[in-house]
Amino acid sequence: MNFKAGYMNVKPPPQGIGLSFCGLSQSALIRQLCKGKAPKPQPQKEFWELLKALYDIHNSFQKCSKYESSALEICKEIECLILDLQEVG
């Protein structure tokens with residue numbers, strides 16, 4: 001990005017990057033590009049289904065933790081996995 005006499009030159013988005021590709025509005029896409037960030041692709045439907053399944057499993061283990069304390073360790077592992085997936089996705 002270069003600033004010259006009040007004008008800003010912004011690089012065009014990489015090939016294949018479009019509004020439907022990243023799920024952003026036009027203004028949000030332009031803001032990302034002005035900040036020098038390439039927008040990430042929008043996660044597929046399967047990604048959200050996987051996250052929902054992990055949340056459901058986590059909730060089930062939390063309910064079991066009253067009776068088995070090792071379930072809390074499994075909950076922590078699932079929480080770390082969810083955070084890692086959210087960062088990547």
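Trainee: Could you give an account of the environment of Phe 61, naming the residues involved and the relevant values?
Mentor: Secondary-structure assignment places Phe 61 in helix H3 (residues 45-64). The exposure class of Phe 61 is partly exposed, given its relative accessible area of 28%. The spacing of Phe 61 and Leu 72 is 11 residues in sequence and 7.3 Å in space, taken between C-alpha atoms. Not counting the four nearest positions on each side in its chain, Phe 61 is found in contact with Ala 71, Ile 74, Cys 75 and Ile 78.

Trainee: Please provide a residue-by-residue account of the packing of H3 against helix H4 (residues 70-88), values included.
Mentor: In the contact formed by H3 and H4, the axes pass within 9 Å of each other and the chain directions differ by 160°. By the angle class used here, H3 and H4 are roughly antiparallel. In the packing of H3 onto H4, the handedness of the crossing is left-handed. Across the interface between the two elements, Phe 47, Leu 50, Leu 51, Leu 54, Tyr 55, Ile 57, His 58, Phe 61, Gln 62 and Cys 64 from H3 touch Ala 71, Ile 74, Cys 75, Ile 78, Glu 79, Leu 81, Ile 82, Leu 85 and Gln 86 from H4.

Basis of the calculations
- Residues numbered from 1 in each chain as written.
- Predicted model: local features only at pLDDT ≥ 70, side-chain atom pairs only at ≥ 80, totals over all residues.
- Heavy atoms only, no water.
- Helix = DSSP H or I, 4+ residues; strand = E, 2+ residues; numbered from the N terminus.
- Buried < 20%, exposed > 50% of the residue type's maximum accessible area, 1.4 Å probe, protein only.
- Contact = heavy atoms within 4.5 Å.
- Axes fitted to C-alpha atoms, helices over the stretch in contact; angles between N-to-C directions.
- Parallel < 35°, antiparallel > 145°, perpendicular 65-115°, else oblique.
- Left-handed = near helix turned anticlockwise from the far one by under 90°.

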